[in-house]
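# A structural walkthrough
Single-letter residue listing:
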Amino acid sequence: MTALGTLLFIVGVFAIRMVGGFSLSGVLAGNERVTRLLLLMPLSIVSAVVAVQTFTKGTTLVLDARAVGIAVAAILSWRKVPLGVVVVIAALTTALVRQLGWG
Amino acid sequence: MTAAAQPAAETVKGRGALDLGTLLFASIAIGIAVTSILSGVGTSGWAVMAACTFAYSGTGEVAYASVIAAGGAMTPALVAAMLVSSRFGLLAMSMTGRWKAPLWERIVVAHLASEVAVAAAIEAEPRGERAARRAFFELALCNTAGWIIGSAIGLALGDVVGNTGRIGLDVVFPASFVGAVVNGLRRKDSTVAVVAGAGAALALTPVLPPGLPVLLAAAASLLAMAAPAEMWRKRAAS
């Protein structure tokens, strides 16, 4: 990342956030259906990010060691295990599966 | 992560030190992982620190680096980074009007609206506006502080980390907010949002440039609007 690239990257992401954060008018923001949509939308996005980071490489779908690590993380999260423990066990599981020669 | 389903026993009580400490630890790990990828394409130390502090988009940094690593130029790398970061606009939008805030706070909230912080705010919302605000800032500050510390550690370690995949660092980032996803499975409408979001993103991945599938997957939440807003098990309804 060059100096110019870094600067443009920072300005660009900041602009994206501000456009999102300030594009809804006060009236719309108080609307009950809009409020509910704003509650559900992040879940779709977060879920999509997890799926993409787990099951894709570039533009291809892949099933590898990451899937095992994330599956373990999902089970632990469901059981309300603290976040840091979830993350460490997920990483160790993924590393172990790779050691065993898969993905 | 605490479930929205739990009764409002502690009204504005924040998260335990253990939860925040572990998030801090996870964020440091993310910082190390992202830094090693950025350094791999010859990014200088100050650029790494500026990007993690002011852009605060790990996936954006990784997208940028992957285009450069594949021999691409700066412009396509920036386009890829912006596409991947486009979801932050929607995450910032989803924080609109959750509590009364002056302009400066709205700017800070829009800037810090990461997956983990937004997810925590939404989970805490049934316990009131103050609980949502507290949860958001606790996780956002832990996340960003840990990430900056982790980036600095990553720079100091340099090549010591080597291949991040070998020690499983590549799953640290998704694993840190998979909790919000599985929590979404406790309610009918959020289950639709979660399943349709992931399905849409995976289905679109082979046909669209990186970033767009996640952006379009946000539309899956429109489908979820049609599902009832209730728990799968009535017993746990809040």
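Residues numbered from 1 in each chain as written. Chains lettered and ligands numbered in written order. Predicted model: local features only at pLDDT ≥ 70, side-chain atom pairs only at ≥ 80, totals over all residues. Heavy atoms only, no water.

## Remarks on helix H1 (residues 17-40) of chain B
Selection rule: Every helix listed is a DSSP run of H or I at least four residues long, and every strand listed is a run of E at least two residues long, numbered separately from the N terminus. In a helix, the anticipated span is given by 1.5 Å times the number of residues less one.
In a regular helix each residue adds 1.5 Å, so 24 residues correspond to 34 Å; H1 of chain B covers 34 Å between its end C-alpha atoms and thus fits that length. The first or second residue beyond H1 of chain B is Gly42 of chain B, which carries a positive phi of 75 degrees.

## Comments concerning the packing of aromatic side chains
Threshold: When two rings of Phe, Tyr or Trp (its six-membered ring) have centres within 6.5 Å they constitute a pair, described as stacked for plane angles under 30 degrees, edge-to-face for angles over 60, and tilted for the intermediate range. Note on exposure labels: buried denotes an accessible area under 20% of the residue type's maximum, exposed denotes more than 50%, and partly exposed covers the range between, all computed with a 1.4 Å probe on protein chains only. Lysine and arginine charges are scored as sitting over a ring when NZ or CZ, respectively, is within 6 Å of the ring centre and within 35 degrees of the ring normal.
Enumeration over the complete set of coordinates arrives at 6 aromatic pairs over all chains. Ring centres of Phe136 of chain B and Phe137 of chain B lie 5.4 Å apart, and the angle between their planes is 90 degrees; this geometry places the pair in the edge-to-face category. With relative accessibility at 0%, the residue Phe136 of chain B sits in the buried group. Phe137 of chain B gets classed as buried once you look at its relative accessible area, which sits at 18%. Here the aromatic cluster, defined as three or more aromatic residues joined through ring pairs, consists of Trp99, Phe136 and Phe137 of chain B. Stacked on the ring of Phe88 of chain B, the Lys or Arg Arg17 of chain A has its end atom at 4.4 Å from the ring centre. Cation over ring: Arg87 of chain B sits above Phe88 of chain B, and NZ or CZ is 4.5 Å from the ring centre.

## Description of unusual backbone geometry
The phi dihedral of Lys80 of chain A is positive, around 65 degrees, even though this residue is not glycine. Tracing the backbone through its elements, the reader meets Lys80 of chain A in the loop between helix H4 (65-78) and helix H5 (83-99). A residue is classified by how much of its surface remains accessible, and Lys80 of chain A, at 30% relative accessible area, is partly exposed. A positive phi is found at Tyr56 of chain B, a non-glycine position, where the angle reads about 55 degrees. Looking at the element boundaries, Tyr56 of chain B is found in the loop between helix H2 (45-55) and helix H3 (58-69).

## Examining the interface of chain A and chain B
Stated precisely, the cut-off is as follows: When checking whether two residues touch, look at their non-hydrogen atoms; a contact exists if any pair is within 4.5 Å. Buried area, as used here, totals the accessible surface that two parts lose on assembly, with accessibility defined by a 1.4 Å probe and the loss added over both. The salt bridge definition used is simple: a Lys or Arg side-chain nitrogen within 4 Å of an Asp or Glu carboxyl oxygen. Here a polar contact means two N or O atoms within 3.5 Å. Within protein one must be a hydrogen donor candidate and the other an acceptor candidate, and residues neighboring in sequence count only if both atoms are side-chain atoms.
On the chain B side, the residues contacting the 67 residues of chain A number 95 residues. Roughly 6,900 Å² is buried in total at the junction of chain A and chain B, and carbon and sulfur atoms are behind 75% of that figure. Area buried by chain A at its contact with chain B is led by Met1, Arg17 and Leu83 of chain A, which between them contribute 12% of it. Asp189 of chain B is the salt-bridge partner of Arg36 of chain A, the closest N and O atoms lying 3.2 Å from each other. For the pair chain A and chain B, the interface holds 13 residue pairs in polar contact (both at pLDDT 80 or more). Contributions of two or more residues to the side of chain A that touches chain B are made by helix H1 (3-22), helix H3 (32-55), strand S2 (60-61), H4 and H5 of chain A. When residues in the side of chain A that touches chain B are grouped by element, the largest group, 21 residues, is from H3 of chain A.

## Details of the domain arrangement of chain B
Residues and elements named next belong to chain B. The cut-off we apply is this: Domain borders in the structure are assigned automatically or taken from a domain database. Each residue is assigned to one class: nonpolar for Ala, Val, Leu, Ile, Met, Phe, Trp, Tyr, Cys and Pro, charged for Asp, Glu, Lys and Arg, and polar for all the others, Gly among them.
What the domain assignment lists for chain B is domain 1 (17-170) and domain 2 (185-238). Here domain 1 and domain 2 have C-alpha centroids that lie 22 Å from each other. In total, domain 1 and domain 2 occlude about 480 Å² of area from one another, counting both sides; carbon and sulfur atoms represent 82% of this. For the pair domain 1 and domain 2, the interface holds 0 salt bridges. At the junction of domain 1 and domain 2, the tally comes to 0 residue pairs in polar contact (both at pLDDT 80 or more). Elements that contribute at least two residues to the side of domain 1 that touches domain 2 include exactly helix H4 (74-85) and helix H5 (87-94). For the side of domain 1 that touches domain 2, the class distribution of residues is 3 nonpolar, 1 polar and 1 charged.

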